[in-house]
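Each chain, letter by letter, is given below.
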Amino acid sequence: MLAWAARTMARPSGMLKPVALRKLTGRYLAHQQELPALPVPPLQQTLDHYLLALQPIISEEELSHTRALVEEFRKPGGVGERLQKGLERRARKQENWLSDWWLKTAYLEYRLPVVVHSSPGVVLPKQDFQDRQGQLRFAAKLIEGALDFKTMIDNETLPVEYLGGKPLCMNQYYQILSSCRIPGPKRDSVVNYARGKKPPTHITVVHNFQFFELDVYASDGTPLTTDQIFIQLEKIWNTSLQTNKEPIGILTTNHRNSWAHAYNNLIKDKTNKESVRSIEKSIFTVCLDAPIPRVSDDIYRSRVAAQMLHGGGSRWNSGNRWFDKTLQFIVAEDGSCGLVYEHAPAEGPPIVALLDHVVEYTKKPELVRTPMVPLPMPKKLRFNITPEIKDDIEKAKRNLNIMVQDLDITAVVFHHFGKNFPKSQKISPDAFIQIALQLAYYRMYKEACATYESASLRMFRLGRTDTIRSASVDSLKFTKAMDDTGKPDPEKAELLRRATQAHRAYTDMAITGNAIDRHLLGLKLQAIQDLVSMPELFMDTAYAVAMHFNLSTSQVPAKTDCVMCFGPVVPDGYGVCYNPMADHINFAISAFNSCAETNAARMAHYLQKALLDMRQLLQENPKSKL
Ligand code: COA
């Protein structure tokens, strides 16, 4: 969601085949063609909003310097206008002027490991099984549920989603199955086998670091049933009891350049190449994890969040993954479960919609017992480990273990109220939570910081996200006033209401394609493409401050009582993801242990206090009816 935030600092764009729009006909295409194209916002509007967005996060002196740069940039006939025209030309020629650039800049050219830095995880509620039987039964049902969802994708019968009454682009749903990221020396790529002549019919199952190809369709093309999948999973389990295998999947956790190098080395061997291709082509991956270390109930969720993000390290389950795979379900023997997904093809909401469907499916009673027909043994994917590959694995293990040590993550349930309370106050719940985050941060650091909240651009064809800048002039007025004993409470309550309205107004601006971040990025990339010298505006310290998102946040709502989690996007920042339910809110907050100034549990404490204080303020100071 999020890693991109720090990455908009510019990388030249080059030649790359983007994830193409799936070649489909019928309902899907008809729907897609109805969607409007992403607009290029007016230049002057973006520049005015940029100056406003800087106000709460930089000094007056810096701001006056930036104002002068903006004036220069916006002059009639100046560089700004020239770049804007270039963008408008691009928008006329392309299906979406941003999507290809965004995919490359935010994901494929990003070189840090996908683990922690880019791939989000999802924590599901603990399931009530404690042993292998229960684990495999649940995994089998989950697989059947995911295949049921796949049928809707394949038949193009997925119901169209809406935001604010407007239909959304459904393309991301067609990118998440049978796809995989492939490391490249300077830039990665994404392959999608779903639209090939012979779409894959297998999934990948990993147990004890050993990979298996499991065909999940019968010869007549119907999906296997839970009973049949269960038998197949048992076979896999029984043939992978040894725990002394090389954790080949650890390679996918490395820095992208190192992994690209190791990848080329790995696939020189024919057997290895076939195994890697099988994983890449598979519909999705199911990781049958060893039980996670026992911890007390109060830190259990945080422990699972870490498990979903990185697998716990080389001695635990990190080798039980192929982190480049778009979708990996994780089912541990102790009932912990969730998923991790590679971010390039999709945002959280489609992934969570799939998960909601799967979770509902697992709750259905199994009414019909399937007659048992003999099924072939799932294919074990073999790897020949040369000394060089072994060396690459060892290096990847070391780097991963450092990352695991460094991640500080807290997953909490705020159980005092959920989105019903702000709604009862006629306030947007999302705005309420974001302003609480601003208050928490201000109380901790006595200043505001550049804050990123992802906003959906899916109202537009191939739309991904833009940024809602939650630190605003109005949010800072409120956070400063809140603990000011000289200010009367009714005034504080009024400032709070105004701050939430400003946030909601920014949200509306963002989802209708009028936010500033992607536009500024577009102007910058246009300058690189046109080979003109980089405008001063983008070399300015204020721009660097604006792009240094100490708070990187996202709402990922779900029907299931789960929470998505992700790492911070800067070394001294927080990653905050939340799922507001009617009467409680699930949060996951991350930071890095190597930064002395940040602490996820402390942020969680301040956030909960901010939410409670804000509720009290509103309840004690109701809005005047006049
Ligand atoms: N009074 C009463 N109710 C209100 C209200 C108000 N002033 N404002 C909003 N509400 C209601 C809404 O109608 C909605 O009702 P519902 O629960 O029945 O659906 C609910 O409160 C939630 O609205 P709100 O909190 O304003 O958020 P939203 O649903 O509009 O979402 C974003 C806001 C920014 C999260 C959303 O627009 C978006 O872009 N989501 C995608 C984010 C994304 O891609 N994240 C993943 C990155 S990996």
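Look up a bit, the structure's there.
Residues numbered from 1 in each chain as written. Predicted model: local features only at pLDDT ≥ 70, side-chain atom pairs only at ≥ 80, totals over all residues. Heavy atoms only, no water.

Visitor: Help me out: how do you make sense of the side chain of R458 in this one?
Guide: Among the structural elements, R458 can be located in the loop between β13 (451–456) and β14 (465–469). The residues contacting R458, other than those within four sequence positions of it, are E161, P167, L168, C169, M170, Q172, Y173, P349, P350, G463 and R464. (Helix = DSSP H or I, 4+ residues; strand = E, 2+ residues; numbered from the N terminus. Contact = heavy atoms within 4.5 Å.)

Visitor: Explain the packing of helix α15 (residues 429–445) against helix α17 (residues 489–511) here, please?
Guide: Two quantities define a packed helix pair, namely the angle between the helix axes and the distance between the axes. In contact at an axis separation of 9 Å, α15 and α17 are set at 115° when each is read in the N-to-C sense. Seen from above, α15 lies across α17 with right-handed handedness. Where α15 approaches α17, its residues D430, A431, F432, Q434 and I435 are matched on the opposing element by L496, A499, T500, H503 and R504. (Axes fitted to C-alpha atoms, helices over the stretch in contact; angles between N-to-C directions. Left-handed = near helix turned anticlockwise from the far one by under 90°.)

Visitor: When you look at the site of the ligand in this model, what are you seeing that I'm missing?
Guide: Around the ligand, 25 residues are found, and the nearest of them are K423, S428, D430, S456 and R504. In this structure, an oxygen atom belonging to the ligand sits 2.7 Å away from a main-chain N or O atom of S456. Within the side chain of S554, a nitrogen or oxygen atom sits 3.1 Å from a nitrogen atom of the ligand. Compared with its free state, where it exposes 970 Å², the ligand has 70% of that area covered by protein. Because more than half of its atoms lie within 2 Å of the grid, the ligand is assigned to the largest pocket. (Near = heavy atom within 4 Å. Polar contact = N/O pair within 3.5 Å; in protein donor to acceptor, adjacent residues only side chain to side chain. Areas by Shrake-Rupley, 256 points an atom, 1.4 Å probe, with all protein chains shown as cover. 1 Å grid on protein atoms, 1.4 Å probe; cavity = no way out; pocket = protein on both sides within 12 Å on 5 of 7 lines; lining within 4 Å. Sits in = over half its atoms within 2 Å of the grid points.)

Visitor: Quick question: what am I supposed to make of the pattern of salt bridges here?
Guide: It is possible for side chains of opposite charge to pair when their charged atoms get near one another. Counting across every chain of the model gives 30 salt bridges. Note that K390 and E394 form a salt bridge whose closest N and O atoms lie 3.1 Å from each other. With K390 and E394 both in helix α13 (residues 387–406), this residue pair falls 4 residues apart, about one helical turn. With a shortest N-O distance of 3.6 Å, D489 and K492 are connected by a salt bridge. Of this pair, D489 and K492 both sit in helix α17, 3 residues apart, which is roughly one turn of that helix. Of the residues examined, D489 reaches a relative accessible area of 34% and is grouped as partly exposed. When its relative accessible area of 8% is taken as the criterion, K492 is described as buried. Put simply, R111, R181, D188, R256, D324 and E342 are held in one network by salt bridges that share partners. (Salt bridge = Lys/Arg side-chain N within 4 Å of Asp/Glu carboxyl O. Buried < 20%, exposed > 50% of the residue type's maximum accessible area, 1.4 Å probe, protein only.)

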